[in-house]
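Commentary on secondary and tertiary structure
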Amino acid sequence: MTVSILLFLPVIAALVVLFFKNETAKHVALFFSVVEFALAIAFLCKFVPDATMQFATNVPWIPKLGIYFATGIDGTSIIMVLLSTLMVPLIILTTYQHQYKNANAFYALILFMQAGMLTVFTALDGFLFYVGWEAALIPIYFICSMWGGENRVRITIKFFIYTFAGSLFMLAALIYLYLQNPNKTFDLFEFCALNLSADKQQWVFLAFFIAFAIKMPIFPFHTWQPDTYTTAPSAGTMMLSGIMLKMGIYGYIRWCIPISPLGFQHWNSIVVILAIIGIVYASIIAFKQKNGKRLVAFSSIAHVGLIAAGITVFSIQGLQGAMIQMLSHGINVVGMFFIWDIISRRMNTLEINQLGGIAKVAPKFAIAFLIITLGTVALPLTNGFVGEFLLLNGIYQGNAWLGAIAGLTIILGAVYMLRMYKGVMQGETNELTVNFTDIHGSETVVLVIICALIIGIGVYPQAILHLSENSVGNLGHAVITKIFPSAGY
Amino acid sequence: MNTLIVISILPIILLYLGLYKVKNALLPVTIIGLIAALVLAVMQWNTVATPIYSGMMLFDNTSIAFSSVAIVSTILILLLSKDYFDRISDHVAEYYSIILFSLAGIIVMLSYNNLTMLFIGIEIMSVSLYILAGIKKSDFASNEAALKYFLMGAFSTGFLLFGVTLIYGASGSFDLGKIRDYVLTTPSIDPMFYTGIALMIVGLCFKVGAAPFHFWTPDVYEGAPTLITAFMSTVVKTAGFAAFLRLFAACFVTLSSFWVPILLAIAFITLFIGNITALYQQSFKRMLAYSSISHAGYLLFAIIAVGASSANSILVYALAYSVASIIAFGALILIQQQSGNDNFDSFNGLGKNNPFLALTLTVAMLSLAGIPLTAGFIGKFFMFRGALAQYQVWLVVVAIINAIISIFYYFRVIIAMYFREADGAEVVVPASYKFVLAVCALITVIVGVYPIFISNLI
């Protein structure tokens, strides 16, 4: 078994879906994404949770330039592979009650995007990584501009140019590393073994970091995000927030830090401070939002800021927290955007103050909404808790003050999330919400799966944590040894 | 060298065909002749190349590869000419002949081994183009284009010739090999020689449309008939850069500390002028003219980073740029016929009216913008690699900024096609156009995904 199967199946699926018309395209896309998930589970069963690269593929692609189609899965990638293969069928299922025009193109783009993201999560070759990075961007550009809401063209081009700009700097850094590499290849591990001088690593780090910071996004590179999330069609928002932003975090852990550990050390404090400013800033703005989708968008910036801070402080525990939190955040944010998708489809509004009392008329919906809210605010026994606890603990051990400020994310998060829940679900029904019909059919399926995941991971996080334990440990030690050669790790 | 002979005899045959009014045979005969020339060129691949015709020409692998690209591009462009020239005038045979004469000049430019041949090649090509730019005799813009092109072209040839004479004066030879020997063996090189190099840079930059010698480009590209513009901005530009590189790679490598700063400045200005001006265009055709200027800036990277892989970089970039431009101009011809103008608005709703045309044009625009999985990205990748290998980090940063700017205007077409409402009627795409557009889009994607076919040719 090699990873290539996992990468090419969605591409083939995308081409097949193009030949079907509206309703059928939906089913075909769902079928293929479920097959893809089943494949990922098969990989998971065969996966040995040690630090080695498994299911590796290594075929010459452009051998003269040292470019190989090199992919593999280790403990850090497997979690991302699971996340993306699990989320895509769910996201397709959330669109079951939508009628998109040109549905075949819509689903083909989603599947193609999945292929791009899986390439990013499994690539071991810099060139391939970059190609996957951009291959995921083009489909989402078209998804957002074709099926999005108001002002979509202007907002989406801003998003596209922002991320494209970042990635070009990454491309320059990759080519630079390639030229420094005596073997003249784009191999990730050879890049990590280059041992460039500290001032060169600072520039390399910066070039990579801009690309990843824009994708995540970290304050002050976040300005594209709220508009894009609000304007994009719900499935597009879920793809963006649920999976795509993890490309930035994953790239940061997998590429940026190990390749330029000394650069990482140099910029470390600035990145932590930016991430923490982002947490507080986004939380405060989320608190003031009246539009539900925008509120979730800002809360996403806060959560990602916490992940980034946890990684940057750099402890094995923090990294482990980041891994599990990436998965949890993906699940929670998709659930949250789906909740708002359901509300906006029924009520034609995203304004919190126009809603209220929905819990009375739609009890099943209320339970699902509550579980997702609690997962997002990181209540113990939900999936959000494990990750945030590990991250905060990591930050606290690095610097108690920063830990304290970052801890605000939990408090502020609880404040704006619960306020949102109260505003939407509790109180008296008004003439608008009295007609709210409870969830049914595909909506129930999606929400039940999401709630089960939230509670399941919250109760038994070890199922996920043990997957990445060895890989993360290895990576962490390698970096720490390079930063402090005398520390004796 | 039989390629050159075939391409030179072919137009004469065509003129006779025109004389006997066998109009329908013109295009097939041209295409068959060009394919024969292509086969003859490819047959010489990897044979030991020696200078021929008393050392005037050298048909080596580089020349063969560039000649093949030039011939294939010409075939694709001529396939678009079905019915196109008929609408301009009755004398169709002459147009085909002149295009082929121009191609003959281009083949000379691609395989010269002596500066006189470079000059002769450029002149054969240019004089043909002056005529072609003005074939719409009653059209004011076409006349303006022809006159402007002629004046500017003559002017730049003057510079070029002056440079050639100075180099001859210093080194005592027109032969590339002897000039190289002069550069390598002479301890103190005559200042006259440096002046010669500078003047040749000016002359060649005029020809390839690099700023600040680009002023003729937008007006000529806009005024000339679209099909001729397609020829000028693809085949002619490729030939210009190949000739440029041939001279500098053969003779002036060791003097790079003198001319690299000059070309760096030119590349900087070219990128910014091309891209920023392209942003403000309302006409698609004029946008393409300015974008061709900015691509000239990227192509200059390969000459700045002159080395073993430069020829290959230019080949890949030029091929990617040529096929994408052929799609763009082909689509433009159809849109012009349907809506009567070439503004961005004319593309509104094309995604709905004609999905095939819109899809191929999208591929072309993504390729021109340098998005991965298209040939344009591979081209940019080569250029960035070349520049970084020479530690020209700032050049790459400038290139990145410009690549970002270019997204705005390339995506304007995509936005118009897919996200704006249609106001025009359906666009009919003739079969020959379908073929050419599909072939170009396929080349773009195949080179983008699996560039091995072309990436280690030369």
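So, how was this worked out
Residues numbered from 1 in each chain as written. Chains lettered and ligands numbered in written order. Predicted model: local features only at pLDDT ≥ 70, side-chain atom pairs only at ≥ 80, totals over all residues. Helix = DSSP H or I, 4+ residues; strand = E, 2+ residues; numbered from the N terminus. Rg over C-alpha atoms; globule rule 2.2 N^0.38 Å. Buried ≥ 20, exposed ≤ 12 C-beta atoms within 10 Å, placed from the backbone. Pairing = 2+ DSSP bridges. Core = buried A, V, L, I, M, F, W, Y, C linked by C-beta atoms within 7 Å. Domains from an automatic or database assignment. Contact = placed C-beta atoms within 7 Å. Expected span 1.5 Å × (residues − 1). Arc of directions from axis to C-beta.

1. Concerning the overall build of chain A
Along the backbone of chain A there are 19 helices and two strands. Whereas a compact globule of 489 residues would reach a radius of gyration of roughly 23 Å, chain A reaches 21 Å, a difference of no more than 12%. Dimensions of chain A, computed from C-alpha atoms along their principal axes, come out at roughly 70 × 55 × 45 Å. The buried share among the 489 residues of chain A stands at 61%.

2. Thoughts on the pairing of strand S2 (residues 67–73) of chain A
All names here are of chain A. Summarising burial for S2: six of the seven residues are buried, a large majority. By the bridge criterion, six bridges tie strand S1 (residues 54–62) to S2 in an arrangement that is antiparallel. Directly across from Thr 57, in S2, lies its bridge partner Thr 71.

3. A few points about the nonpolar core
With 382 residues, the main nonpolar core has Ile 110, Leu 111, Ala 172 and Phe 208 of chain A together with Phe 301 and Ile 327 of chain B as its most contacted residues. Here the element with the most residues in this core is helix H13 (residues 310–339) of chain B; it accounts for 19 residues. If you count residues domain by domain, this core takes at least three from each of domain 1 (1–162 + 224–254) and domain 2 (269–489) of chain A. Among residues more than four places away in sequence, those in contact with Leu 111 of chain A are Pro 10, Ala 13, Ala 14, Val 17, Ala 29, Phe 32 and Ser 33 of chain A.

4. Focus on the interface of chain A and chain B
Counting residues at the interface gives 23 residues for chain A, matched by 20 residues for chain B. Sorting the residues of the side of chain A that touches chain B by element identifies helix H5 (126–147) and helix H6 (152–180) of chain A as the ones contributing at least two each.

5. Here's the deal with helix H2 (residues 23–43) of chain B
Given 3.6 residues to a turn, an α-helix orients residues that are three or four positions apart in the same direction. Residue and element names in this part refer to chain B. In this model, H2 (21 residues) spans 31 Å end to end at C-alpha, consistent with the 30 Å of a helix rising 1.5 Å per residue. Within H2, the full set of buried residues consists of Leu 26, Thr 30, Leu 34, Ala 37, Leu 38 and Ala 41. Down the axis, H2 shows its buried residues gathered within 100 degrees of arc, on one side only. Seen from the buried face of H2, the exposed residues on the opposite side, beyond 90 degrees, are Asn 24, Pro 28, Ile 32 and Met 43. Buried residues belonging to H2 abut helix H1 (2–19), helix H3 (61–79) and helix H4 (92–111).

6. Details of unusual backbone geometry
Going from Met 216 of chain A to Pro 217 of chain A, the amide bond is cis rather than trans, its omega being -10 degrees. Checked against the element boundaries, Pro 217 of chain A lands in the loop between helix H8 (198–215) and helix H9 (225–231). Residue Phe 219 of chain A is joined to Pro 220 of chain A through a cis peptide bond whose omega torsion reads 0 degrees. Examined against the element boundaries, Pro 220 of chain A turns out to sit in the loop between H8 and H9. Even without being glycine, Leu 373 of chain B reaches a positive phi, approximately 75 degrees.

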